[in-house]
Amino acid sequence: NLPKSVRLVEVGPRDGLQNEKQPISVADKVRLVDDLTVAGLSYIEVGSFVSPKWVPQMAGSAEVFTGIQRSAGVTYAALTPNLKGLEAALDAKVEEVAVFAAASEAFSQKNINCSIADSLQRFVPLMEAAKAANVRVRGYVSCVLGCPYDGEIAPQQVASVARELYAMGCYEVSLGDTIGTGTAGKTRALLEVVGHDIPRERLAGHFHDTYGQALANIYASLLEGISVFDSSVAGLGGCPYAKGATGNVATEDVLYLLQGLGIETGVDMHKLIAAGQRICEVLGKANGSRVARALLSR
Ligand code: HMG
Ligand code: MG
């Protein structure tokens, strides 16, 4: 029983670019977001309001929000780790934000410099302020299928963090395979546990393709009733606090999978590929999407 439609959450401008060492101009970031809007993505994570000392590449996020052409019906979102980040996001007229916690203590410390419990506490005032401003909050859990420091992560540990995010008001919880070590079997087992506590239509899959398993994991998730997936155009990215992690699964590749299953997304393949090619040229990088490479070489 596959879903008839899937919502793709495009995280390229944020997860895709956050780890780039070379400076990328605000104009190039704006162009990427605008190209993605034109390609038909209905949800675009534009940037992060995090400490510029921790993630220098996201420092210009407010300017990017000022520069983009917002289209009706498209959500332009940003990551916010604390109240300070939320306030900056509200100043930039961000319509939706995301908080991010981890299923692993070590990753929580490396990524946001606090324990899991402290991070959840930190989100409470953020959630209240977001609610007062009428801004929806999405929640992320990282390291759901493995941690670069702690190794194996128990599904129950993921479920407990996901439950807390959901209970504090996150309308959707995205489960992040930050280092891409998950497999289809483990993905199904995880979703069975987490899906016990949270309705499946409130869960999203966020797969990095480090081990080449992301599409298999997405298919496994579809079979488990998940219909929201995070992906990154041209497979851009990697997490600054997860050594060796490659980019998210490429949006083009997910789209090809979904088209083959007759699942609607509203995204135009050719415009999406054009968006990916342009940013790859800016970065001087090969396109990380297999589908883009194949279609471009025809
Ligand atoms: P800290 O050093 O413990 O925080 O960092 P602090 O409160 O002591 O503040 C330190 C400095 O940062 C201060 O400045 C603050 O003002 C400033 P100073 O006085 O030293 O000049 N600061 C801020 N500046 C701008 N915006 C803010 C902000 N907050 C504090 N919001 C903190 C704690 C959480 C801030 C830091 O660790 C941080 O910013 N971490 C972000 C890490 C990050 O963005 N990681 C990547 C995103 S997560 C990810 O990629 C995974 C995901 O894709 C899912 C998956 O794949 O699994 C989502
Ligand atoms: Mg990620």
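Refer to the structure presented above.
If you're wondering where the values come from, they're calculated on a predicted model, not measured in any experiment.

## What to know about the coordination of the magnesium ion (ligand 2)
Okay, so step 1: All of the protein donors around the magnesium ion (ligand 2) are D15 (OD), H206 (NE2) and H208 (NE2); their distances to the metal are 2.0 to 2.3 Å.
Okay, so step 2: Donor residues for the magnesium ion (ligand 2), ordered by position in the chain, follow D-x190-H-x1-H. Within this pair, whereas D15 is found in helix α1 (residues 12-16), its partner H206 is found in strand β7 (residues 203-207), the two being separated by 191 residues in sequence. Here the two residues D15 and H206 agree in accessibility, since each one is buried.

## Some details on the packing of helix α10 (residues 251-260) against helix α11 (residues 269-283)
Okay, so step 1: Contact pair α10 / α11: the axes reach a minimum separation of 10 Å and the direction vectors enclose 165 degrees. Between α10 and α11, the crossing angle belongs to the class labelled roughly antiparallel. The interaxial crossing formed by α10 with α11 has left-handed handedness. Along the contact surface, α10 presents T251, E252, L255, Y256 and Q259, while α11 presents M269, L272, I273 and G276.

## Some thoughts on the packing of aromatic side chains
Okay, so step 1: Per the stated rule, a full pass over the model turns up 2 aromatic pairs.
Okay, so step 2: The residue whose ring lies beneath K110 is Y149, and the NZ or CZ to ring-centre distance is 5.1 Å.
Okay, so step 3: In this structure, R138 packs its charged tip against the face of Y140, placed 5.4 Å from the ring centre.

## Considerations on the site of ligand 1
Okay, so step 1: Close to ligand 1 lie 27 residues; K53, N111, N113, S142 and T178 are nearest.
Okay, so step 2: Residue V50 places a main-chain N or O atom 3.2 Å away from a nitrogen atom belonging to ligand 1.
Okay, so step 3: Between S51 and ligand 1, the recorded distance is 2.9 Å, taken from a backbone N or O atom to an oxygen atom.

## Overview of the side chain of S221
Okay, so step 1: Looking at where S221 falls in the secondary structure, it is placed in helix α9 (residues 214-223).
Okay, so step 2: Given the relative accessible area of 1%, S221 is considered buried.
Okay, so step 3: Not counting chain neighbours up to four residues away, the residues in contact with S221 comprise T187, L191, F207, I226 and F229.

Cut-offs applied
- Residues numbered from 1 in each chain as written.
- Chains lettered and ligands numbered in written order.
- Predicted model: local features only at pLDDT ≥ 70, side-chain atom pairs only at ≥ 80, totals over all residues.
- Heavy atoms only, no water.
- Donors = N, O, S within 2.8 Å, 3.2 Å for Na, K, Ca; no water.
- Helix = DSSP H or I, 4+ residues; strand = E, 2+ residues; numbered from the N terminus.
- Buried < 20%, exposed > 50% of the residue type's maximum accessible area, 1.4 Å probe, protein only.
- Axes fitted to C-alpha atoms, helices over the stretch in contact; angles between N-to-C directions.
- Parallel < 35°, antiparallel > 145°, perpendicular 65-115°, else oblique.
- Left-handed = near helix turned anticlockwise from the far one by under 90°.
- Contact = heavy atoms within 4.5 Å.
- Phe/Tyr/Trp six-rings, centres within 6.5 Å; stacked < 30°, edge-to-face > 60°.
- Lys NZ or Arg CZ within 6 Å of the ring centre and 35° of its normal.
- Near = heavy atom within 4 Å.
- Polar contact = N/O pair within 3.5 Å; in protein donor to acceptor, adjacent residues only side chain to side chain.

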